[in-house]
Every structure is written in C-alpha cells, then in structure tokens.
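The chain contents come next:
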Amino acid sequence: MGQLFFMGWEGTEVTPQIRTLIEDHHLGAILLTTKNLKTAQDTAGLVQELQTIAHEAGHPVPLLIAVDQENGGVNSLFDEDYICQFPSAMGTAATGSLELAYEVANATAKEVSAVGVNMIMGPVLDVLTNARYQPLGVRATGDDPQEVSQYGIAAMNGYKDAGLTTCGKHFPSYGNLDFLGSSLDMPIITETIEQLSLSALVPFRNAIRDGLDAMMVGGCAMANASMNVMHACLSDQVVDELLRNDLGFNGVTISECLEMDALSHDIGVRGGTVMAVEAGCDLVLLCRSFAVQQEAISGLKLGVENDMISRERIMVSLKRVLQLKSKCTNWHKALNPPGISLLSTIHPSHLALSTRAYDSSITIMRDKGHLLPLSNTLYPDDELLLLTPLVKPLPASAATKTLAETVRSVSTDHDKWLHRSSIMSGEGVFRELGRSLARQRHGKLLHTSYTANGVRPVHENLINRAAAIIIITADANRNLYQNGFTKHVAMMCSMLSAGGKKKSLIVVSVSSPYDFAMDKSIGTYVCTFDFTETAMSALVRALFGEFVPQGTLPGTLRKSRKVQKSRQHWLVESWNRDRDHRGLQALIKTIEKTSPPGTQSGLSGASAASFELVGIPDLAEPIEEAHYVVRNSSTQALFGFCATYTYPARSLALISALFVDPSKRNLSIGHSLHQRAVRGLLSPNPKYPNMKITALQLGSSLPNIFPGIPMSDLTEGARLKRWFAANGWDISSPRLLYTLSIRNLSHWAPPEGLLANIQRVSFAFDLIHGRENAASVLEHVSTYSGPEVLALYNLALADEKSCGVVRAKSPVDGSLVGTVIITRPESSLSTYIPVLKSLSATSNGSGGSGGIGGILAPVVPNTPQAAIVLQGLALLGIRQNKAHKAGVCVLCWVAGEERDTLLGMGFDVLDAFEELRGAGERFGEMNLG
C-alpha cells in the first residue's frame, strides 16, 4: 500500500522517520526539495542511501525519486560546480526555438538523473489565460495554448530522452485562478469545461497524446454551472471523468499535497487520502510532516478495511505505478548513480548551452529612443543609476550565497556607495548585477533600492546626477508600488529631458514580461524572464552590445509584436549561387530543426541543389529559373528564399517554394519575396520576347518539395491559404495532391482479389529503362500531363541504373493507357524529390532499413478503367520496390480523386497539398510594388 504514497521530509540526511516510512510502510515514491539537497555529490549519496534502504527492506522495485527542476527561479538542486542554471519556461519560449527548449530540458534531465533522480515534476502545462495577475508567472510558457503545447512537448521529450519519467502540471490549470479572499486562500477556477477545453486543457490533451507519463492534479476549487468541486484532486469528476475519460489519460495521477492548509483544514488528511484514491489518484502527495503522513497511511488502510476502497482499486493504481517505474529505473541503475563522474564530463557543454539559452531569451520589446546598446549612447564620464526593488532572493541562485559571504574590500565608487547605503537582504540578488554594471562603466555606477515608500529625496538626487537610469521591476502588476515608482521616474526623466538635461530611461522586467508590455509610455523596455545570476549576466552583456538580443515575447504578445513589425519592406535580391548556396543550405537546416516535435518539415532531405534545374541535359522543353533571396549582406545569412520557374513553351510560370527563417517570420519577408517573384515572372523576358505568361501556379512537381500549400496540419494550412489569398491567389478551387507511403514494405501483401481484378481487364504492363523505347511514353506524358511531369520523365529515362518506367497498354490496340516512374533507393531523382531520401519518412514505422523506393508521377487519362490501370501501375511499382530491397515505398503524387483508390491497396497519406492556379492577368492588374 505504501507504493501509493508520494512523500518528503525536511533535512539533508536520512531521518529515522523517512527510514520508517520506507522500511515499515514500503513507501514507494519520494519528492526531494531544496530542504533535502546540498551539493550534487551529497545528493547522489543521499539518493543512493534511500535506494539501499528500500532494497534491503525487500522492495520489489526501486523508489521513485522526484524533484522540481523547472529552471529559472524554481530549482530544487543547485550546485554551481556541476548543475547548470537555465531559463524559466517562459524565458525558454522567448528564444523562439523548440530545439533549444528540447536541449535545455534534456540537459536538465541528464544532470538530475546523474544524482539518481528518475522523475521530474514537469513540464508545466498551464496556460496563463489571465497572464498579468497570475502568481504562476514565468513558470508557465505563456498565454497561447498551442505555443504552450509545443514547448511543453519539446521539454517533455527532452526529459524522456534522458531517461526520466515526466509529470505534467497543474491539471486542470493554475493559469486563471480567482482568489476570493478566503482565509485559507483556496484558489478557484470559474471557467466552464467548454471554456477550459478551448484553452487551458489543450496542452494537457496534446501532451497526453504524445506520451506524458504522469499528471499532477491541483488542489484548487472549481465553480461553474456544470461542476462544483472543492478540491480538484479529490473529485472523481476531475480525475476520473475529465482527465481519464474525456482526455484519455492512462498514466499515473498524483494529487496535490494534502498538507496544504486549505485542504487539511477543510477535510482532514485521513479523509482526504481516501477521497483522493476514490477520485482516481494513484499517488497521494504528503510533503513534510511525519505525523500527517502516518495519519494518511492509516486513513487509506481504514478505507480498505471498511470497504470504502476496493482491493481491485488499489491494484489498478499499483499496476500503473509499477509500470511507470519500469520505464525509468531498475535496481542496478538505482543503486549506482553516476554522480560527479558524469556531471564533470557534461558540465562544460551544459554551461555553453546555458549561456546560449539565456542570450537567446533576452528580449528588447521597445527601444524608441535607440538607447541601446548603452556603450553607444553613454559618454565615458556619464553616470549610470541602477534602481532595484526589494525582493526575496531566489533559493537556487548563486547570488543568494553571497549574502553570507564576507563583504569584499571597498574598491570602486559603486562599492563605496553600497557600503554606506542600507542594503537589505532582499536586494542581495541584484548585488552582482550592480557590480557587473560597475565593471562595464569603470565604476561610474550608482545603485540603490526602492520600496513601497515611492520616490524619496535620495532617488531624486541620484536621478539628477545620472545620465541614464535602469529600473528593475519584478511582477509589477502584483507589486503595484513598482508600477507607481517606475511611472513617477519616467515622468521625471521626461521633464528633465525636455528641460535640456539628458535622461535615458531603461526599464527591465526580470520576471513577468507583462509589467509594462502594453505601456508605450515606457520607451525602452527589456525582459529577462528571471533574475538568477546567469540571467543578470546575460542582461549586462546585452545592454552593452556584446550581442544583439533576439528574444521575442511569448504567446499573444509575440504575435501582436510581429504584427506591428509587419509593415517593413525588405530588399529582395536575385539568387547568386556562388554567394548564396551556403546560406540556403543553412536556412534549410534551420527550418528542419525548428519543426514541432513529432512532425516532418516539408524541407526534410532538401538541399540547395534541389532547386537547380537549369543545366539539366535532355529535357524535352526549355525551363527558365529565377530565384530570390532576402539576406544579411554582412553575415551572408539568408532570411528568406523563393524559387520560381517558367516554361516558355506553355506560357506557364510557377512559384515552387517560399520559405523564411522561423525567427524572422511575420516580419513581411515572405510578402516582399512573393511580390518580387510575381513581378519577375510577369516581366518581359528578353530571351523570349513574344512570351506572355497566361497562368501562374503555386506549387511544383519538379522540384517536388512543395507541390502546393502544405495541408497535413489543417490549422497551419488554413493560415497559409489566408495569407496567399491576401496576396492575390484564388483559393476557391485548389487541386488536391497527396504523397502516399507504405512504411513497412516487407510485410505488405496485396489486398484479396486485387490481382485477379487487374488480370481480368487484360491490360499489358511492362517496364522499360532508358530512351530506346521511350518515344511513346514521352508522347503520352506530354499529352496528358504538364511540363514539369514531362521533365521528370526525361530525368528518369536518362538514369537507366536507378529509374524505370512502367507502361500500361490497351488490350485492344496496344496504345498507352498509363505510365509511372519507378525508382530504386538513393536514385538521382531524390535530389529533386527529397522525400525519397528523408530519414523522417521512416521514423514512424517499423519498416526495414533498406531505403526508400519511389513510385512517381502516375499519368493515367480519365477513362472508365482509370482506377484499375492506376492500381496495376502501383502494384508493379510496389513489387519493383520490394525487389530492390526498399524498406519503405513512397508514391508521389496523386490527385485527390485517385487517393482513395490507392488507400484501398494499403497506402497511407504521408502529406497533403493544395496546388493553386491563377490567370496571369489577375496578377498583372495588382500593384506589385
């Protein structure tokens, strides 16, 4: 029964009480907190001792050992020699990089795993529906449910790949709590289930779908028309019905700590334990008191003895807990944590990651007066004033350790000022910030604190002395004195500047970015998302121009900010292969890396060569290509790329690809590229003076990277369609195109009756290689398909070793009724059809490792027998792929009406696209800039 409890204790050594819980009650899970942990080495020894006690007491499986290690200001384990500091969840989201979020979580997990921890209490999946006033703050990603999902899942995967089990929190959400003044401070969720489903529950639902191991259910109340719950973790409506039945969660559920005052006073621990298990909780959390923990154990035993809880119910939870443990631990691993030997090895790379993450998170939301970097706007003799609030030190910050250190020798003016000021302990967290600024200014720094007493004479005197003022705020929306103080100083600076005295004001929010996010009266506003020593170090380097901050505000703030920037017009240049080839390769890799976890980028497997068609020999029709870039001329980095092609013989022009660096999206780069591309396609071509483009096409079959607007993600597809519609395209009649696959080709067998149906119609099928017998094929393709497909067939016929063409002939006159290209794994066509070499195409299946075989560009005229011809071509293609030892078969592309015919053969949809076409005159009448 002890396996159903999750307990902690106070102290850095094993106490008789925790030993009794493990030995006598077979306690199965332990939560370690800052009160238990000293150094990494001490922690590894402590965990090893706990596991040894459990092993010697006859536990069948090791203890579950968990910690809160959310980063930012919430870390249970800190050791500046071995454990790295990383940004908070919101700070990580501010980097705009899901890859970085994964790396940070993975590094965090590797560090705590090294000391014997096997479970992390994360990720935080709360959506800050009412972000400005919620105490959760930067512990959450932000206020956008989809963004919270993406970063939460990235973190979850990082944890899991390092061998830890994960625990999402705080279900059903701590993101929009009302505090109604109860003496017991019981927060209440007032939103309805329908409202929660549209926002707060989205990240939980998505994390469950992607394999979340455990879920912590909060202790908040819920009050709405359909639900009146005093404590969520004690309610079967929340745990059993909402979490398990509605959201489909099958993992371990963990209650909020039953020692919280509101819960223990309202119900009592003994009754609360029974209610938690009845509600569906698998682990009951009790953090500290041994007496309370004993009471909870006796309560559960009594509940079973009185038949309030069945033994079957206990066994269900026990099975879940044991299954969870099997994922993350065994006795060999539990009794032999690698400890310092591993930590010392990984520490250098994790330090570099920490610096990169913090540098990437620093966000300059506004700098109206171009005050930054300060190294460009302050004269050597100017004094800089730092004003900091009194805040509680962060428990995991190295800066807090300095409070107990001996005061250093007084050396600079800054130190002298500190020495004669009354520095309270809460200000110690900013002491190192002041010293760092003083070093940058060669001692020309003044530093004092401010309180709820407002602007005092000492502040006025210092403001008059300083040329620039930095005000630090930390949750000013909840600590309103900070808001008032900052506004007062801003008004003073404005008046002094108007009177001829230069006063530059920089406001830095070191916690919630919402302090002055929407207040335009604060002209220069910087956000760091936490005030750990590492964050403050990054802030100083950013303020003095050692790097250019690239962070963006999370959630709706990020989106609204990007909309404001979207009026920019970018210089678009023609593609230059020698200059831009390397930049395009890097841009493609960047986009691949930032694809959401579990998804495949449309550029997977592509390279710069994929877009280079001019110069390919033996194409039936001439092709003109013109590509465009937006680039940084200083670094040669590409911000965006657009590929276009023209088929003069058909008066057809195509936009084949348009993509932008993820960190530069919504800044109008795509719009600038699109406008330039369309203008270039419609402009007179000196090489073909009589050519007039009659049709523009969005999407191409050669190269086959984006046959149209990607629609695998319907939400993103709808957004892209709206964007192209706003840029002149008619989206009302798209042509649906699909890429299909058979992922486990070695186990594929034709559906019953398929072969007999094909044989019954007496079509003849054969396979040809090379151009010797290809005249009828090229004539057929030219008649029934477009110039891109004709060019693709020419490429296939030129590669006799790895490509062939299957022909279907009429039994009546021998005329062709269908053709398709077959490719071996690693064929030359994979350069232009990168899905044929993309490793991610096989990532979700159990197919062999023999590579990817292709069935490409079926050309089947629309006749009553078209479906059976297509099936015959596909069947021969599959057989050829199997003969070539391919592990996966990819068929691209088929039109919408052909898809169902092939799905019946065992194909699955890999990707979906919508090709758009428009008359040249439609765009010629537009203002293209």
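Quick caveat, the model's predicted, so the values are computed rather than measured. (Residues numbered from 1 in each chain as written. Predicted model: local features only at pLDDT ≥ 70, side-chain atom pairs only at ≥ 80, totals over all residues. Heavy atoms only, no water.)

A. Expanded view of the overall build of the protein chain. Secondary structure assignment for the protein chain yields 31 helices and 32 strands. With the principal axes as the frame, the protein chain shows a C-alpha extent of 100 × 80 × 55 Å. Accessible surface, the protein chain: about 37400 Å² in total, of which carbon and sulfur atoms supply 50%. Here the protein chain carries 80 positive and 88 negative side-chain charges, and the mean point of each set is 5 Å from the other. (Helix = DSSP H or I, 4+ residues; strand = E, 2+ residues; numbered from the N terminus. Areas by Shrake-Rupley, 256 points an atom, 1.4 Å probe, with all protein chains shown as cover. Lys, Arg positive; Asp, Glu negative; His and termini not counted. Charge placed at Lys NZ, Arg CZ, Asp CG, Glu CD.)

B. Inspection of the packing of helix α4 (residues 98–114) against helix α14 (residues 340–361) at higher detail. Closest axis-to-axis distance for the α4/α14 pair is 10 Å, and the angle between their directions is 150°. The orientation of α4 with respect to α14, classified from their angle, is roughly antiparallel. Crossing hand, α4 versus α14: left-handed. Where α4 abuts α14, its residues Leu100, Glu103, Val104, Ala107, Lys110, Glu111 and Ala114 lie against Leu342, Leu343, Ile346, His350, Leu353, Arg356, Ala357 and Ser360. Counted by class, the contact of α4 with α14 contains nine nonpolar, two polar and four charged residues. (Axes fitted to C-alpha atoms, helices over the stretch in contact; angles between N-to-C directions. Parallel < 35°, antiparallel > 145°, perpendicular 65-115°, else oblique. Left-handed = near helix turned anticlockwise from the far one by under 90°. Contact = heavy atoms within 4.5 Å. Nonpolar A, V, L, I, M, F, W, Y, C, P; charged D, E, K, R; others polar.)

C. Spatial organisation of the side chain of Glu70. Its place among the elements puts Glu70 in strand β4 (residues 69–71). Only 2.7 Å separates the side chain of Glu70 from the side chain of Lys169, close enough to count as a polar contact. Discounting residues that sit within four places of it in the chain, Glu70 has contacts with Asn75, Pro87, Met121, Val124, Arg139 and Lys169. (Polar contact = N/O pair within 3.5 Å; in protein donor to acceptor, adjacent residues only side chain to side chain.)

D. Fine view of the pattern of salt bridges. Within this structure, the stated rule accounts for 31 salt bridges. Note that Arg579 is salt-bridged to Asp580, the shortest N-O span being 2.7 Å. Arg579 sits in the partly exposed class, given a relative accessible area of 25%. (Salt bridge = Lys/Arg side-chain N within 4 Å of Asp/Glu carboxyl O. Buried < 20%, exposed > 50% of the residue type's maximum accessible area, 1.4 Å probe, protein only.)

E. Representation of the sheet that holds strand β11 (residues 227–229) in the model. Ordered in space as β8-β10-β11, the three strands form an open sheet in which the pairing is mixed. Edge positions in the open sheet fall to β8 (188–189) and β11, since each of these has one partner strand only. Of the pairings in the sheet, the one linking β8 to strand β10 (residues 221–224) comprises two bridges and is parallel in character. Within β10, the residue paired with Ile188 across the bridge is Ala221. (Pairing = 2+ DSSP bridges.)

F. Focus on helix α27 (residues 775–784). Those residues of α27 not exposed but buried are Val777, His780 and Val781. The buried residues of α27 occupy an angular sector of 95° when projected down its axis, which confines them to one face. Seen from the open side of α27, the exposed residues pointing more than 90 degrees away from its buried face are Ala775, Glu779 and Thr783. (Arc of directions from axis to C-beta.)

G. Quick look at unusual backbone geometry. Cis geometry is adopted by the peptide bond preceding His170, which originates at Lys169 and carries an omega value of 5°. That bond from Cys892 to Trp893 is cis: its omega, 5°, falls within 30 degrees of zero. Despite not being glycine, His370 has its phi angle at roughly 50°, a positive value. Even without glycine at this site, Lys885 takes up a positive phi of about 65°. Here Lys885 lies in the loop between α29 (866–883) and β31 (888–895).

H. Summary view of the confidence of the model for the protein chain. Summing up the model confidence of the protein chain, the mean pLDDT is 87 and the portion of residues at 70 or higher is 91%. In this model residues 394–426 is a low-confidence stretch, pLDDT under 50, and it forms 49 contacts with partners more than four residues away in sequence or in other chains. Contacts for the low-pLDDT stretch residues 562–567, under 50 throughout, to residues beyond four places or in other chains number seven contacts. (pLDDT = per-residue confidence, 0-100.)

I. Local environment of the nonpolar core. In this structure, Ile30, Leu50, Phe171 and Ile469 are the most contacted members of the largest nonpolar core, which totals 122 residues. Setting aside residues no more than four positions away along its own chain, Ile30 makes contact with Phe6, Met7, Trp9, Ile18, Ile22, Leu50, Leu63, Leu64, Ile65 and Ala66. One finds Phe659, Leu702, Leu790 and Ile821 within the second-largest nonpolar core, a separate group that totals 57 residues. (Core = buried A, V, L, I, M, F, W, Y, C linked by side-chain atoms within 4.5 Å.)

J. Structural context of the packing of aromatic side chains. Evaluated as defined, the whole model comprises 11 aromatic pairs. Aromatic pair Trp570 and Phe639: ring centres 6.0 Å apart, planes at 90°, arrangement edge-to-face. Remark: Phe639 occurs in strand β22 (residues 638–647) and Trp570 occurs in the loop between α22 (555–565) and β20 (573–574); sequence separation between them is 69 residues. In textbook terms, an aromatic cluster arises when at least three aromatic residues are bridged by ring pairs, as seen for Trp575, Phe611, Phe641 and Phe659. Against the face of Phe639 rests Lys664, its NZ or CZ located 4.9 Å from the ring centre. Across from the ring centre of Tyr738, 4.9 Å away, lies the NZ or CZ of Arg899, which sits over that ring. (Phe/Tyr/Trp six-rings, centres within 6.5 Å; stacked < 30°, edge-to-face > 60°. Lys NZ or Arg CZ within 6 Å of the ring centre and 35° of its normal.)

K. Representation of the side chain of Asp580 in the model. Within the secondary structure layout, Asp580 lies in helix α23 (residues 577–593). Setting aside residues up to four positions removed in sequence, Asp580 forms contacts with Ser574, Trp575, Val629, Arg631 and Leu638.

L. Structural context of a negative patch on the surface. A contiguous patch of negative charge on the surface is contributed by Asp236, Asp240, Glu241, Asp246 and Glu278. If one sorts the elements of the negative patch by residue count, helix α8 (residues 237–246) sits on top with three residues. Counting through the fold element by element, Glu278 comes out in helix α10 (residues 269–279). (Patch = residues over 30% accessible without salt bridge, like charges linked within 9 Å, V, L, I, M, F, W, Y side chains within 5 Å.)

M. Just helix α21 (residues 533–543), in detail. When you tally the buried positions in α21, you get eight out of 11 residues, the bulk of the element. Buried within α21 are the following residues: Ala535, Met536, Ala538, Leu539, Val540, Arg541, Ala542 and Leu543. The inward-facing, buried residues of α21 contact α14, α15 (374–377), α18 (431–440), β17 (468–473), β18 (504–509) and β19 (524–527). Once α21 finishes, Gly545 follows within two positions and takes phi at roughly 80°, a positive value.

N. Structural context of the sheet that holds strand β15 (residues 384–389). The strand order β14-β19-β18-β17-β15-β16 describes an open sheet built from six strands, whose pairing is mixed. Either end of the sheet is taken by a strand with one partner, and the two such strands are β14 (363–367) and β16 (445–450). Geometrically, the sheet is characterised by an average inter-axis angle of 20° between neighbouring strands, direction not taken into account. Relative to β18, β17 runs parallel, the two being bridged by six bridges. By the bridge assignment, Thr473 is partnered in β18 with Ser509.

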